[in-house]
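What follows is each chain in one-letter form.
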Amino acid sequence: MATPKRKSSHARTAQKKAHWLGALSVPSVAACSNCGETALSHRACPSCGYYRKRKVLEIKEEKV
């Protein structure tokens, strides 16, 4: 396995980290096609349990 010939400076390490952290973005959300609530894309809706117009999760109602 290759090993570095010289020590990476703190500035170079910080630059790498800054570029990596700058590339991060917030997760995309979309409106649920069934109930209209916001939910993460490509995941079942946490409020109604539907994904692609099909019921995939059984949601229990909370007792108040």
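Anyway, here's the lowdown on the structure attached to this text.

Attention now moves to the overall build of the chain. Per the secondary structure count, the chain includes one helix and four strands. Along the chain, helices and strands appear, N-terminal first, in the series α-β-β-β-β. The C-alpha radius of gyration computed for the chain amounts to 22 Å, which surpasses the reference 11 Å derived for 64 residues by more than 25%, pointing to a less compact arrangement than a globule. Expressed as lengths along the three principal axes of its C-alpha atoms, the size of the chain is roughly 60 × 25 × 25 Å. Counting only residues that meet the buried cut, the chain has 8% of its 64 residues in that class. Contacts in the chain between residues far apart in sequence, at least 24 positions, make up 0% of those at least 6 positions apart. Carbon and sulfur atoms make up 54% of the accessible area of the chain, which amounts to about 6600 Å² in all. Put simply, the chain has 13 plus and 4 minus side-chain charges, and the middle of one group is 28 Å from the middle of the other.

To continue, consider the layout of surface pockets. If you add up the space inside the largest pocket, you get close to 200 Å³. Lining the largest pocket are 15 residues, and of these Ala31, Cys32, Ser33, Arg43 and Tyr51 lie nearest its centre. Secondary structure elements with two or more residues in the lining of the largest pocket: β1 (29-31), β2 (38-40) and β3 (50-51).

Conventions adopted
Residues numbered from 1 in each chain as written. Predicted model: local features only at pLDDT ≥ 70, side-chain atom pairs only at ≥ 80, totals over all residues. Heavy atoms only, no water. Helix = DSSP H or I, 4+ residues; strand = E, 2+ residues; numbered from the N terminus. Rg over C-alpha atoms; globule rule 2.2 N^0.38 Å. Buried < 20%, exposed > 50% of the residue type's maximum accessible area, 1.4 Å probe, protein only. Contact = heavy atoms within 4.5 Å. Areas by Shrake-Rupley, 256 points an atom, 1.4 Å probe, with all protein chains shown as cover. Lys, Arg positive; Asp, Glu negative; His and termini not counted. Charge placed at Lys NZ, Arg CZ, Asp CG, Glu CD. 1 Å grid on protein atoms, 1.4 Å probe; cavity = no way out; pocket = protein on both sides within 12 Å on 5 of 7 lines; lining within 4 Å. Points joined across faces, edges and corners; volume = space filled by probe spheres on them.

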